Amino acid sequence: MNYSNVCALSCKFCEFYRKRGDEGAYEHSIEDVRREARGAVESGATEMHIVGGLHPYLPFEYYTDMMRAIREEADAAAGGLESPPPCDTSAPGRLHIKAFTAVEVVHLAKIAKVYKQSDRKAGIRHVLEKLKEAGLGSLPGGGAEVFDDRIHDEAFKGKIRSDVWLDVHRVAHELGLNTNATILYGHIDHADERLVHMDMLRKAQDEALTRLGYEAAADGSVTLTRAGVAQPTPDMTTRGGYFQTIIPLPFFPDGSDLEALPGPGGLENLRTIAVSRLMLDNFPHVKAFWIMQTLGMAQLMLQCGADDIDGTVVWYDITKVGGSSTHQETTAWDLQQAIREAGLEPVERDTLYRRVERDGKKWWLSA
Ligand code: SF4
């Protein structure tokens, strides 16, 4: 759900944002949000993924009310269950709320008037604690772009820089919230800058995994891809959260202020997946984001290091393929076919990467 496309910023690559009063500008009421949540539960969704523009006028309470409204609707639809036990097929799964990129979290800290440059982590912590209390389950990975001040200042000026983005995710991990990470590549960035980005992510993940009890090598690094190394699991979030997946996002120039640029080609996209898998060997998963690259390309990405395809998305306004349509949808059956054709076994997961069993729209967590 994109709750609003009204944004205080005007990033060059973005064709999503509007200014208030512009044609096509919108903001959802809490009633709209409830309707969306009901619709999600009724259609058998495991997750609501929520992001929006940096709305300059909505108060902080709008966001906590949004979380509470979704929780109420989802829990009412699921019979008021607090936490269905694993393997209990009579207990429907609980809709997970994954919401707000790092730049939105910082924006919320500013509108809640708790953000101070001298101690930004305190403001971020305040906001994330309140959102978690209201029902937030995890953070998506958007807004990272490429961690480099030159790129940031040329293409994403006004958005948070890498140190702030990483602080938001560090604080989320400290609070036991899992998060994802992205890299938006193929615009004014260079290959070496992408590697620096990945290195910064892997160091932040080393910190998170060490907190969970993983033993680090002499240089402080943790590796998850070695044979016999157990993967982190959601029950570890009592000790802290961690990055679950890296999502390489190719830049699509159409309709943005950078549309004179060619954008990355297919081979470059596949190589970026492969390099992500190699560099981020402490990330449990690498995602083939078919929404931006088609399901056919995603099959090749599965053979280049990705192990995750996401998902049967219905609406995704922020990242349009070629600017053509905002309605992008596939079926579970199509995803399963694509995965099998790529030589792999499809497994449905929830947001926290737990195995899901499903009977039509009813789903539950597997053992
Ligand atoms: S990318 Fe995000 S912050 Fe930038 S203009 Fe678009 S909606 Fe606003």
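Residues numbered from 1 in each chain as written. Predicted model: local features only at pLDDT ≥ 70, side-chain atom pairs only at ≥ 80, totals over all residues. Heavy atoms only, no water.

The subject of this paragraph is the overall build of the protein chain. A tally of helices and strands in the protein chain yields ten helices and nine strands. For the protein chain, the spread of C-alpha atoms along the three principal axes comes to 55 × 50 × 45 Å. For the protein chain, buried positions account for 54% of its 367 residues. At a minimum sequence separation of 6, the contacts of the protein chain that also span at least 24 residues come to 68%. Summing over all exposed atoms, the protein chain offers an accessible surface of approximately 16200 Å²; the carbon and sulfur share of this is 51%. A gap of 3 Å separates the mean positions of the 41 positive and 54 negative side-chain charges of the protein chain. (Helix = DSSP H or I, 4+ residues; strand = E, 2+ residues; numbered from the N terminus. Buried < 20%, exposed > 50% of the residue type's maximum accessible area, 1.4 Å probe, protein only. Contact = heavy atoms within 4.5 Å. Areas by Shrake-Rupley, 256 points an atom, 1.4 Å probe, with all protein chains shown as cover. Lys, Arg positive; Asp, Glu negative; His and termini not counted. Charge placed at Lys NZ, Arg CZ, Asp CG, Glu CD.)

The full set of residues close to the ligand is Cys 7, Leu 9, Cys 11, Phe 13, Cys 14, Phe 16, Tyr 17, Gly 53 and Lys 159. Split by residue class, the shell around the ligand holds seven nonpolar, one polar and one charged. (Near = heavy atom within 4 Å. Nonpolar A, V, L, I, M, F, W, Y, C, P; charged D, E, K, R; others polar.)

Turning our eyes to something else, we now look at empty space enclosed by the protein. In this structure the tally under the stated criterion is three cavities of 30 Å³ or more. In this structure, the second largest cavity spans a volume of roughly 70 Å³. Taken together, 13 residues line the second largest cavity, and the ones lying closest to its centre are Ala 144, Val 146, His 152, Ile 160 and Ser 162. Of the residues assigned to the lining of the second largest cavity, the class counts are six nonpolar, three polar and four charged. (1 Å grid on protein atoms, 1.4 Å probe; cavity = no way out; pocket = protein on both sides within 12 Å on 5 of 7 lines; lining within 4 Å. Points joined across faces, edges and corners; volume = space filled by probe spheres on them.)

Time to look at the environment of Phe 16. Looking at where Phe 16 falls in the secondary structure, it is placed in the segment before α1 (30-42). Classification of Phe 16 by relative accessible area gives buried; the value is 7%. The spacing of Phe 16 and Gly 52 is 36 residues in sequence and 9.2 Å in space, taken between C-alpha atoms.

Below, the discussion takes up unusual backbone geometry. Phi at Glu 145 takes a positive value of approximately 50°, unusual for a residue other than glycine. With respect to the element layout, Glu 145 can be found in the loop between β3 (138-139) and α5 (149-155).

Here the structure, examined in full by the defined rule, presents 31 salt bridges. Measuring nitrogen to oxygen at the nearest pair gives 2.9 Å for the salt bridge that ties Arg 194 to Glu 268. In this pair, Arg 194 sits in helix α7 (residues 191-211) while Glu 268 sits in helix α8 (residues 266-279), placing the two residues 74 residues apart along the sequence. Classification of Glu 268 by relative accessible area gives partly exposed; the value is 29%. A salt bridge links Lys 203 to Asp 199; the nearest nitrogen and oxygen atoms lie 2.6 Å apart. (Salt bridge = Lys/Arg side-chain N within 4 Å of Asp/Glu carboxyl O.)

This part takes up the pairing of strand β8 (residues 356-359). Here β8 pairs with strand β9 (residues 362-365) via four bridges, running antiparallel. Note that in β9 the partner of Glu 357 across the bridge is Trp 364. Counted along the chain from β8 to the antiparallel partner β9, the turn is two residues long, and its residue Gly 360 has a positive phi close to 65°. (Pairing = 2+ DSSP bridges.)

All right, on to the pairing of strand β2 (residues 96-99) then. Residues of β2 alternate between two faces, with His 96 and Lys 98 on one and Ile 97 and Ala 99 on the opposite face, all of them buried. Sheet analysis places strand β1 (residues 47-50) next to β2, joined by four bridges and oriented parallel. Within the sheet, the bridge partner assigned to Glu 47 lies in β2 and is His 96.

As a further point, take the packing of helix α3 (residues 102-111) against helix α4 (residues 120-134). The N-to-C vectors of α3 and α4 enclose an angle of 100°; their axes lie 9 Å apart at closest approach. Classified by the angle between their axes, α3 and α4 sit roughly perpendicular to one another. Here Val 105, Leu 108 and Ala 109 of α3 lie close against α4, whose contacting residues are Gly 123, Ile 124, Val 127, Leu 128 and Leu 131. The residue makeup of the contact of α3 with α4, split by class, is seven nonpolar, one polar and no charged. (Axes fitted to C-alpha atoms, helices over the stretch in contact; angles between N-to-C directions. Parallel < 35°, antiparallel > 145°, perpendicular 65-115°, else oblique.)

Turning our attention to the confidence of the model for the protein chain. Scored by pLDDT, the protein chain comes out at a mean of 89, with 91% of its residues at no less than 70. Across residues 80-89, where pLDDT falls below 50, the model places 19 contacts with residues more than four positions away in sequence or in other chains. Of the regions scoring below 50 in pLDDT, residues 319-325 engages in 15 contacts with residues more than four places distant in sequence or in other chains. (pLDDT = per-residue confidence, 0-100.)

This paragraph deals with helix α9 (residues 290-302). With 13 residues, α9 should reach 18 Å at 1.5 Å per residue; the first-to-last C-alpha distance of 11 Å falls well below that figure. Maximal helix bending in α9 amounts to about 85°, located at Gly 296. Here α9 lies mainly inside the structure; ten of its 13 residues are buried. Regarding α9, the residues found buried are Trp 290, Ile 291, Met 292, Gln 293, Leu 295, Met 297, Ala 298, Gln 299, Met 301 and Leu 302. (Expected span 1.5 Å × (residues − 1). Bend = angle between axes of the 7 residues up to and from the residue.)

Take the nonpolar core next. Counting residues in each nonpolar core, the largest one holds 88 residues, and the members touching the most others are Ile 50, Met 66, Met 67, Phe 100, Trp 165 and Leu 201. Looking at which element gives the most residues to this core, the answer is α9, with eight residues. Aside from chain neighbours lying at most four places away, what touches Met 67 is Ile 50, Ile 97, Ala 99, Phe 100, Leu 131, Ala 134, Gly 135 and Leu 136. Within the second largest apolar cluster, eight residues are counted, among which are Ala 208, Leu 209, Tyr 214 and Val 222. (Core = buried A, V, L, I, M, F, W, Y, C linked by side-chain atoms within 4.5 Å.)

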